Amino acid sequence: MIPPITLSDEVRAAREAGRPVVALESTIITHGMPWPDNFEVACRVEAEIRAHGAVPATIAVLDGVLHAGLSEAELRALAQSRDVAKLSRADLAACMATGGTGATTVAATMIAARLAGIEVFATGGIGGVHLGAETTFDVSADLRELAQTPVTVVAAGAKAILDLAKTWEMLETLGVPVIAVGQDHLPAFWSRGSDFAAPLRMDAPADIAAAHVMRGALGLEGGQLVANPIPAADEIPAADLAPVIGQAMAEARERGISAKEVTPFLLGRIFDLTEGRSLAANIALVMNNARLGAAIARELSEARGCAGATPDAALR
Ligand code: PSU
Ligand code: MN
């Protein structure tokens, strides 16, 4: 059976030749940043991946069709449209079956990347265990996806709107390798530092690629989370953000925000309350992750030889 995913010509050609490809999510565009910054950033991230020797493949569902690789016009339309659905694992098939349009989260982007034979995915931050999860049970589907879908995800850690201790514990329980780059502790999205020791550290993209290949050879399901610290020049100290995060969370509680609205609501309020400072940091870390994602994808493609990136039949 041919998987129901449409590759852009550029992505298809790269896949067939075994050239490096990096998947990108679209929820960060529709629910993570305001227009027009979201469109500009989406274009700049794609350009950064190209400049570093890989092909970008932004993932989204447009009129029922799951795409890997969007044209500039498609990207612009998605960035401008209002009530676009946010698609995680649970929503993907329903949206496609009913001809809908939606942006993919980390979980849904991993599913699409796997279908397209793309092994590396760069984003800003992953979803995780929310603060108060012991009563709300709000745990992002991103975590289980990392445990079951073989894609290496480059992110700047998870942000402080989450319960970071529980998020890291949960990933350990799920058997997901969490790899810090260039330091011994985990980064915390807007800040390089945190109180959490990194379970693994790898400073060379080649090592990260080799570990990805080895997991496949061992038959281990699931991917890897690469925690890449924000560049020092762009970080915001955790102490500066704590009151803002506290206020955004109090507002979410007052307004009864729940389920999939929680993450977009908190991110939107934090952008407003920091008057763009968090947005600038967010952009810098996404660009940084795009560069590392491209480097890992290049190493992977070299490790696999040029005969085809993955020995799968998905695209034939
Ligand atoms: N964290 C961020 N920025 C984001 C998201 C998370 O720092 O844009 C988005 C991602 O698409 C992620 C999703 O997959 O939110 C998680 O949502 P939820 O918690 O509802 O699973
Ligand atoms: Mn949730």
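Thresholds applied
- Residues numbered from 1 in each chain as written.
- Chains lettered and ligands numbered in written order.
- Predicted model: local features only at pLDDT ≥ 70, side-chain atom pairs only at ≥ 80, totals over all residues.
- Heavy atoms only, no water.
- Helix = DSSP H or I, 4+ residues; strand = E, 2+ residues; numbered from the N terminus.
- Rg over C-alpha atoms; globule rule 2.2 N^0.38 Å.
- Buried < 20%, exposed > 50% of the residue type's maximum accessible area, 1.4 Å probe, protein only.
- Lys, Arg positive; Asp, Glu negative; His and termini not counted.
- Charge placed at Lys NZ, Arg CZ, Asp CG, Glu CD.
- Near = heavy atom within 4 Å.
- Polar contact = N/O pair within 3.5 Å; in protein donor to acceptor, adjacent residues only side chain to side chain.
- Areas by Shrake-Rupley, 256 points an atom, 1.4 Å probe, with all protein chains shown as cover.
- Nonpolar A, V, L, I, M, F, W, Y, C, P; charged D, E, K, R; others polar.
- Salt bridge = Lys/Arg side-chain N within 4 Å of Asp/Glu carboxyl O.
- Contact = heavy atoms within 4.5 Å.
- Axes fitted to C-alpha atoms, helices over the stretch in contact; angles between N-to-C directions.
- Parallel < 35°, antiparallel > 145°, perpendicular 65-115°, else oblique.
- Left-handed = near helix turned anticlockwise from the far one by under 90°.
- Core = buried A, V, L, I, M, F, W, Y, C linked by side-chain atoms within 4.5 Å.
- Arc of directions from axis to C-beta.
- Pairing = 2+ DSSP bridges.

Student: For this particular structure, what's the right way to read the overall build of the chain?
Tutor: Along the chain, the regular secondary structure elements total 13 helices and eleven strands. A globule of 316 residues ought to have a C-alpha radius of gyration of about 20 Å, and the chain, at 18 Å, matches this closely. Here the chain holds 316 residues, and 55% of them are scored as buried. Positive and negative side-chain charges of the chain, numbering 25 and 37 respectively, have mean locations separated by a distance of 3 Å.

Student: Please explain the site of ligand 1 as it appears in this structure.
Tutor: Taken together, the neighbourhood of ligand 1 is formed by 16 residues, with Glu-25, Lys-86, Ser-140, Asp-142 and Lys-159 sitting nearest. The contact in question runs from an oxygen atom of ligand 1 to an N or O atom on the side chain of Glu-25, over 2.5 Å. Contact distances for ligand 1 include 2.6 Å between an oxygen atom and a side-chain N or O atom of Lys-159. Expressed as a share of its isolated accessible area of 470 Å², the protein-covered part of ligand 1 is 94%. Listing elements by their share of the shell around ligand 1, those giving two or more residues are α2 (27-30) and α12 (262-273). When its residues are assigned to classes, the shell around ligand 1 shows five nonpolar, seven polar and four charged.

Student: What exactly am I supposed to notice about the pattern of salt bridges here?
Tutor: If charged atoms from side chains of opposite charge come close, those side chains can pair. Under the defined criterion, the tally for this structure stands at 14 salt bridges. Among the salt bridges present, the one from Arg-50 reaches Glu-10, with a minimum N-O distance of 2.8 Å. Here Arg-50, found in helix α3 (residues 37-51), pairs with Glu-10, found in helix α1 (residues 9-17); they are 40 residues apart in sequence, far enough to count as distant. The class of Arg-50 is partly exposed, set by a relative accessible area of 39%. Among the salt bridges present, the one from Asp-272 reaches Arg-269, with a minimum N-O distance of 3.4 Å. Residue Asp-272 and its partner Arg-269 are both found in helix α12; the two are separated by three residues, about one turn of the helix. Residue class for Arg-269 comes out buried when judged on its relative accessible area of 19%. Overlapping salt bridges bring together Glu-134, Asp-163 and Lys-166 as one network.

Student: Whenever I open this one, helix α8 (residues 141-148) confuses me. Can you help?
Tutor: One full turn of an α-helix is made of 3.6 residues, so residues set three or four places apart face in the same direction. Here α8 has its buried residues at Asp-142, Leu-143, Glu-145, Leu-146 and Ala-147. The inward-facing, buried residues of α8 contact α6 (106-116), β8 (152-155), α9 (164-173) and β11 (224-227).

Student: What should I look at first to understand the packing of α3 against helix α13 (residues 277-304) in this one?
Tutor: Packed helices, taken two at a time, are described by the angle their axes make and the gap between the axes. Close contact between α3 and α13 brings their axes to 9 Å; oriented N to C, the two are set at 25 degrees. Between α3 and α13, the crossing angle belongs to the class labelled roughly parallel. Considering only the axes of α3 and α13, their crossing is right-handed. Facing α3, whose interface residues are Asp-37, Val-41, Arg-44, Val-45, Glu-48 and Ile-49, α13 presents Leu-279, Ile-283, Val-286, Met-287, Ala-290, Arg-291 and Ala-294. Its residues assigned to classes, the contact of α3 with α13 comprises nine nonpolar, no polar and four charged.

Student: Any chance you could explain the packing of helix α10 (residues 205-218) against α13 here in plain terms?
Tutor: Two numbers describe how α10 lies on α13: the axes approach to 8 Å, and their chain directions differ by 55 degrees. Taken together, the axis directions place α10 and α13 in an arrangement best described as oblique. Regarding α10 and α13, the two cross each other, and that crossing is right-handed. From α10, Pro-205, Ala-206, Ile-208, Ala-209, His-212 and Val-213 reach across to α13, where they touch Leu-292, Ala-295, Ile-296, Glu-299, Leu-300 and Arg-304. Counted by class, the contact of α10 with α13 contains nine nonpolar, one polar and two charged residues.

Student: For this particular structure, what's the right way to read the nonpolar core?
Tutor: Generally speaking, a soluble globular protein has its nonpolar side chains buried in company with each other. Counting residues in hydrophobic clusters, the biggest one holds 105 residues, and the most contacted among them are Ile-126, Leu-171 and Leu-225. With near-sequence residues (within four places) excluded, Ile-126 lies in contact with Val-106, Asp-142, Leu-143, Leu-146, Val-153, Ala-155, Gly-157, Ala-158, Leu-162, Leu-171 and Leu-225.

Student: Sorry, what's going on with the environment of Pro-34 here?
Tutor: Within the secondary structure layout, Pro-34 lies in the loop between α2 and α3. Residue class for Pro-34 comes out partly exposed when judged on its relative accessible area of 35%. Through-space distance from the C-alpha of Pro-34 to that of Leu-279 is 9.1 Å; in sequence the pair is 245 residues apart. Excluding its chain neighbours within four sequence positions, the residues that come into contact with Pro-34 are Phe-271 and Leu-279.

Student: Help me understand α1 in this model?
Tutor: Within α1, the full set of buried residues consists of Val-11, Ala-14 and Arg-15. Seen from one end, α1 has its buried residues packed into an arc of 100 degrees, which puts them on one side. Exposed residues on α1 whose side chains face more than 90 degrees from its buried face are Asp-9 and Glu-16. Following α1 by one or two positions, Gly-18 has its phi on the positive side, about 75 degrees.

Student: How should I be thinking about the pairing of strand β2 (residues 21-24) in this particular structure?
Tutor: Every other side chain in a regular strand lies on the same face of the sheet, so the side chains alternate between the two faces. Side chains Val-21 and Ala-23 of β2 all project onto a buried face; the interleaved residues Val-22 and Leu-24 project onto the opposite face, where all are buried too. In terms of strand pairing, β2 meets strand β3 (residues 55-62) through four bridges, oriented parallel. From the neighbouring strand, Ala-23 faces β3, where its bridge partner is Ala-57. In this structure, β2 lies alongside strand β7 (residues 120-122), joined through three bridges in parallel fashion. Bridging across to β7, Ala-23 finds its partner in Phe-121.

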